[in-house]
Amino acid sequence: MEPASFLMEPGGQGHGCSCPLGSWGPIPLPPSRTSGSQEGAGSQVTCRGQQEPEVPARPLAQGQQGAQCLGLVGRGSHLMAWARVCASCWRQLAEAVLFTPTGVGAEERTPLLGPAPASQSSTPSILRGPGTPNSGFFDPPSGFASSDPLSRGHREAGLSADSSSPWGPGAIGLSWPTAVLLADLERDARQGECALPGAATASLAPLKPEASQSSSPGPTGCIRARVAAEAGTRHPGNAGADVESRLPGCHGHPETPEPRAGQLPTAPELPSVMLLNGDCPESLKKEEGAAEPPRENGLDEADPGDETTGQEVIVIQDTGFSVKILAPGIEPFSLQEMVQEIHQVLMDREDTCHRTCFSLHLDGNVLDHFSELRSVEGLQEGSVLRVVEEPYTVREARIHVRHVRDLLKSLDPSDAFNGVDCNSLSFLSVFTDGDLGDSGKRKKGLEMDPIDCTPPEYILPGSRERPLCPLQPQNRDWKPLQCLKVLTMSGWNPPPGNRKMHGDLMYLFVITAEDRQVSITASTRGFYLNQSTAYHFNPKPASPRFLSHSLVELLNQISPAFRKNFAVLQKKRVQRHPFERIATPFQVYSWTAPQAEHAMDCVRAEDAYTSRLGYEEHIPGQTRDWNEELQTTRELPRKNLPERLLRERAIFKVHSDFTAAATRGAMAVIDGNVMAINPSEETKMQMFIWNNIFFSLGFDVRDHYKDFGGDVAAYVAPTNDLNGVRTYNAVDVEGLYTLGTVVVDYRGYRVTAQSIIPGILERDQEQSVIYGSIDFGKTVVSHPRYLELLERTSRPLKILRHRVLNDRDEEVELCSSVECKGIIGNDGRHYILDLLRTFPPDLNFLPVPGEELPEECARAGFPRAHRHKLCCLRQELVDAFVEHRYLLFMKLAALQLMQQKASQLETPSSLENGGPSSLESKSEDPPGPEAGSEEEGSSASGLAKVKELAETIAADDGTADPRSREVIRNACKAVGSISSTAFDIRFNPDIFSPGVRFPESCQDEVRDQKQLLKDAAAFLLSCQIPGLVKDCVEHAVLPMDGATLAEVMRQRGINMRYLGKVLELVLRSPARHQLDHVYKIGIGELITRSAKHIFKTYLQGVELSGLSAAISHFLNCFLSSYPNPVAHLPADELVSKKRNKRRKNRPPGAADNTAWAVVTPQELWKDICQEAKNYFDFHLECETVDQAVETYGLQKITLLREISLKTGIQVLLKEYSFDSRHKPAFTEEDVLNIFPVVKHVNPKASDAFHFFQSGQAKVQQGFLKEGCELINEALNLFNNVYGAMHVETCACLRLLARLHYIMGDYAEALSNQQKAVLMSERVMGIEHPNTIQEYMHLALYCFASSQLSTALSLLYRARYLMLLVFGEDHPEMALLDNNIGLVLHGVMEYDLSLRFLENALAVSTKYHGPKALKVALSHHLVARVYESKAEFRSALQHEKEGYTIYKTQLGEDHEKTKESSEYLKCLTQQAVALQRTMNEIYRNGSSANIPPLKFTAPSMASVLEQLNVINGILFIPLSQKDLENLKAEVARRHQLQEASRNKDRAEEPMATEPAPAGAPEDLGSQPPAAKDPSPSVQG
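Residues numbered from 1 in each chain as written. Predicted model: local features only at pLDDT ≥ 70, side-chain atom pairs only at ≥ 80, totals over all residues. Heavy atoms only, no water.

## A closer look at the overall build of the protein
A count of helical and extended segments in the protein gives 57 helices and 25 strands. Here the protein holds 1579 residues, and 62% of them are scored as buried. The long-range share in the protein, meaning contacts at least 24 apart out of those at least 6 apart in sequence, stands at 76%. When the accessible surface of the protein is totalled, it reaches about 58,400 Å², and 54% of it is carbon and sulfur. (Helix = DSSP H or I, 4+ residues; strand = E, 2+ residues; numbered from the N terminus. Buried < 20%, exposed > 50% of the residue type's maximum accessible area, 1.4 Å probe, protein only. Contact = heavy atoms within 4.5 Å. Areas by Shrake-Rupley, 256 points an atom, 1.4 Å probe, with all protein chains shown as cover.)

## What about the sheet that holds strand E22 (residues 830-833)?
As summarised here, the arrangement of the four strands in space is E15-E22-E21-E18, forming an open sheet in which the pairing is mixed. The open sheet has two free edges, formed respectively by strand E15 (736-738) and strand E18 (769-771), since each of these has just one partner strand. Neighbouring strand axes in the sheet, compared pairwise and without regard to direction, differ in orientation by 45 degrees on average. Both strand E21 (residues 821-824) and E22 contribute to a ladder of four bridges, which runs antiparallel. Bridge pairing in E22 places glycine 822 opposite isoleucine 832. Packing of helix H26 (residues 784-797) onto the sheet brings it into contact with E15, E18, E21 and E22, and relative to E22 it is tilted by some 65 degrees. (Pairing = 2+ DSSP bridges. Axes fitted to C-alpha atoms, helices over the stretch in contact; angles between N-to-C directions.)

## Digging into helix H35 (residues 1059-1068)
Along an α-helix, residues three or four apart share an orientation, since each turn contains 3.6 residues. Residues of H35 that are buried: Leu1059, Gly1060, Lys1061, Val1062, Leu1063 and Val1066. Elements that come into contact with the buried residues of H35 comprise helix H33 (1003-1033), helix H34 (1042-1051), helix H36 (1076-1100) and helix H39 (1161-1176).

## Describing the sheet that holds strand E24 (residues 1231-1234)
With respect to topology, three strands assemble into an open sheet ordered E12-E23-E24, the strand pairing being mixed. Each having just a single partner strand, strand E12 (592-593) and E24 make up the two edges of the open sheet. Strand direction decides the pairing type here: strand E23 (residues 1209-1212) and E24, joined by three bridges, are antiparallel. For isoleucine 1209, the partnering residue across the bridge sits in E24 and is isoleucine 1234. In the packing of helix H37 (residues 1107-1119) onto the sheet, the strands contacted are E23 and E24, and the crossing angle to E24 comes to about 105 degrees.

## Quick word on empty space enclosed by the protein
Left-over empty space is what a probe sized like a water molecule reveals as it rolls over the atoms. A full pass over the atoms with the stated rule returns 14 cavities of 30 Å³ or more. By volume, the largest cavity is sized at about 140 Å³. For the largest cavity, the lining is made up of 15 residues, of which Lys1080, Ile1081, Gly1084, Leu1194 and Thr1198 are closest to its centre. Taken together, the elements giving at least two residues each to the lining of the largest cavity come down to H36 and helix H41 (1196-1207). Ranked by residue count, the leading element in the lining of the largest cavity is H36, at four residues. For the lining of the largest cavity, the class distribution of residues is six nonpolar, five polar and four charged. (1 Å grid on protein atoms, 1.4 Å probe; cavity = no way out; pocket = protein on both sides within 12 Å on 5 of 7 lines; lining within 4 Å. Points joined across faces, edges and corners; volume = space filled by probe spheres on them. Nonpolar A, V, L, I, M, F, W, Y, C, P; charged D, E, K, R; others polar.)

## Some details on the pattern of salt bridges
Evaluated as defined, the whole model comprises 73 salt bridges. In this structure, aspartate 834 engages lysine 821 in a salt bridge whose closest nitrogen and oxygen atoms are separated by 2.8 Å. A residue pair is termed long-range when its members are at least 10 positions apart, and aspartate 834 in the loop between E22 and helix H27 (855-859) and lysine 821 in strand E21 qualify at 13 residues. Owing to a relative accessible area of 3%, lysine 821 belongs among the buried residues under this scheme. With a shortest N-O distance of 3.1 Å, arginine 1057 and aspartate 842 are connected by a salt bridge. Placement of arginine 1057 in the loop between H34 and H35 and of aspartate 842 in the loop between E22 and H27 is noted, with a sequence separation of 215 residues between them. Overall, the relative accessible area of 0% leaves aspartate 842 in the buried class. Through salt bridges with shared partners, a single network forms among Asp1041, Glu1085, Arg1089, Arg1201, Glu1202, Lys1206 and Glu1327. (Salt bridge = Lys/Arg side-chain N within 4 Å of Asp/Glu carboxyl O.)

The structure is reproduced here in structure tokens:
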């Protein structure tokens, strides 16, 4: 069978590609209509309209094998990322996700557009692996259900380009649909069948080989790890597909390009792109300027580059093909697509979106759904295809009804408010009114149009009001256009036998907007009205006897309102930005929501009751085997970039699916909807299995944690375990497996969800554990294979291999903590679980009798007993500590070497250590150049020598002399290294573990280890916490809310339990005022975390019917000034006393005590202060919320946001009167929902990340163009692995936008930044600090593109969000207010402008000190506005202040000082002229002859220049000629660098040359804070 059909994928909704509509429902799809190989078939994507001349993006390197590979990268190689996007969607996605074809990096874009279809390469068989025909492309029932947000994501992914995308020549009459039927997209994904189309599945391999009916004649069994390799499943769109490594015939077929050429009669020239593998050979790398090849994730194994010897270069080109489409009832139009993409396009186009069941005919012949258009016989450019309606089946009819319902719901935001199906909110379009991009160009005359720029009162500086409603402004499109009142399945379903024989498939009940109730029959021929009523069945057709193939057409006939509104709805649907609709990889919940109407929805109801209860997401005949999926994806090959991308994509996708399923399961468990596997035990002890996931509650079952703190320890153990799983996953050792783990906090309970080790349930735990201990170290066993696997993780994780004693006093060797258990599953894999003690204990919180801590700890009041004994150091701390020690080691050794050398130089004859020293000859082969610097003892060269020496000694080849060995030995000893010949620090995680004993022989080692742990605990207090405070003072980090503060602490390895210590240090800091914001955030975080701890136990006592009453009561006690709120008990609670016999096995969330109802605000605040003291060791000075607000300057609305985010509460969007003393702020109607708070593993895209980092490095060195290319490449790879939506993609887009802006391409900057804002809103939350930053950047680019009113509304939005999240007094607010003030100055709103600029001046002065340069700049901005107002005295006063600062800080001769003095002169002249005029008036009265005063409005260019300065962008607008010179200069430097690298010279040419034209330095010369002020920026 030729390759064209081996990727078929049953799964779609049978109409068009599954891409958006695949109903991954339980019913398998008949092959004729499958929704098919989205990616398979979709790989022949042409990028309509990108017809730049054919420029290879990078030169073809050595040997032009690329040319030979031309047509070879066939069907199998598609991007898994798009696992479910068919090509038509992809193409738009490529436009939406990547970039429009203008400007820098245009060539870069093509990689997403797939490679040549194999069908036309003359040697298709090359694609298959040796000996396995079509190896392993099997049909998907093999086990990838798609509950998945992600794949959905791709399905929806870009379903349209931004309005700007140019669709090329062929797409003549085509109005590009901008939307995909959102709802379809989504919901269907949840249902079931295989999510990944063939190739992907294949690579994900035989999840259940028996179940996968392989569509290939080849055996399925060989599929597992080889599949990806053999099938050539590979991502064309990424840097590099190594053909040679897998396509054996590559060099042998020079002819491949020919057939290709022959088939391109109409081909416009398309950009061709050369892709390089990440591990490309050196020579290539030099041309490419890429970073060094990424190591395989942290494993010190052979560099992956070793395997890829051939030059892996592919040139990918593609071409389009135009055909005319003739659909019933509309004008013919043209397309260039694959057959199955045409289905997709038709289902998304405004005028044909209501068709789902049709086929395409050419001259009377049906086209195969999966063929390429150009492989169809008799099809030429311009052929006419007919759309022919096909008869329905029950499946097709259901799909059709779902599709119609999804079209009707396509603008409804309720899924996002309810937190389902990975929908989330975005409000950007409300503030831009859709006028970004193209329409900006239409508004060029905008500068002078009157703009309404009065900000709302509540965001003006100094306003005390903090309204909540503007957080979620009502989007005009959400006013639901009511097309129908009800569309639901009729109670008469299913049709009785005699009606089946007449072709009835199912019955629908509809109430139209005009209140007409009708019953509709879906038959094989279409839809018609029947005569049934609610109580009387009469299947005969009713009049009008109108049979329509589409339900929409029928409804158009019977309801005028439907016809009108449906048309409007579709228009709006196709105008939305794709990023507003794509599903996010993990669910984001909103903590506020407006009051929503609950409407009837047959599909939602059906989903809730059929597929959802209990046997979730069934692939026909089986639930998903999560463990098999998670482990199989890890086993995928990873020798080269394409394989790694495929593997990372698979891992990411399965993880996001698993997280979604585990979250739903955990909620079902707590809500009592899942039967326990041990129902007779008491509630706390119960365990559950649901959808192949094992759930346990965070309670201490069977006194397992008795010695560690009981329930408290059992509650933290799962998060520690999850951290362990994260780290082992990141190290990624082949052959070592961890369980899929998700920790869910819901309604006060902690649930751990884990995948199930095959066979673990059949046997006893004692028999199955062959490594580690099940009783915390009493009985311990070991296993050589485990030791070998764990040994490979010991270096990256700094874990020491050590021996412990078991209960029989035998020594057992381990390479992990004792609790870490090794179990070999029935599948033969080596699993490790219970990784809660992966990292060493934190001695500050673990008092051990008889052990003294270093004095730094003792001074800070440590050790303190914590509630549990599972306190570990964070991995970041261990890494920082080891790095710190390494520097110390190098310095010590360098110092000793220097001393030795000095002594040798003085007394060459008498060597103290005896023996001739070969040190001289050894460490200075070239003695010449170094002799001069010798005397200065340049520590750099000293360190270099030490490094060399250390390596020599480690290699132990006897060349190092004894003296230098001694040096290294001393240094090793001093820093606590476990080896005496090389620096190697590792920790023994079992030290100080209760119950673990060590053999006598190890006592020395144990003593050293204890000391090391004490040093680490001291290091945290003496280096990391002060370092954090110092960074805050210098504004190197700018936390804005609790989450960003926590993030900043964790990056430095400081656990949250040290928050009290951090705050104490802030209080004692000399720069206390400059840390005001950190102190406020810290206190708020401390209060809300303490409240969260209390809330957790409070909620456990509440039964479901009292939940909203209990939560609103808690919030009243926590935040309302009302002194005595009363809880409303649910009514039946008061009456029925009978049923209070405690039942043993109620679901965990059904306790029926009412203790929560008697909590009072005084008690709650007393408990909060107590908790803060016990947990954080911090004394809060407040007894009520009002005192807290008063004492610490907090805002109640901020506290509400923080507690809601931490506990999953969702409150009604309305204005709460927190300060009213007459009525409580919250009623039970105000609590809308409680969501789970989910912690899970975040799989990373390692290659993309390396590209991103090397791109950033390039940019900082001033190579903008190369940086831009690398970052484009990174964006490609991120999209490949994560799909369209992800935090890291967001950081990538932001940087790209900034680069384009610097390079003067405002339109491109705007388009990328718009995506970054949408993505940040969707993935991080609409008021996350990161989103606020993104809004500010977008406003700058809008201003530069002359969209002034948009720029202002974006800045106002950012200011509102910042007021809500933190309040006014934040260093970032100064930047924001400067931005607003400048823009207002530009539109001549001087008074308003002054309010913002003067506020900015005050804030800057407070946070940077009155002498800072930022303050001088602020003074200058204020002076400019006063000048515009002709108030010269004030202007002079401010400019003088600025001048003084410049003079003292920079000196007289600095250009800034000179500029300022010039400006002062200019102001003085104007002031004098004005004074003369005034005098003239006084003298001559009204007859005075006054020369008119010239007040000019500031030019936009000067305002923009100032905006760039305050936003840390220094750049010089270059003419075309300058740009050419700049490029030449960059090229010249590049060559110089090459040359220098070739000669291995150490000097950096960059340092010796002047920066060309000043432009490329811009980003590099900024302090980090200016470059990217976001505190939580990824990477």
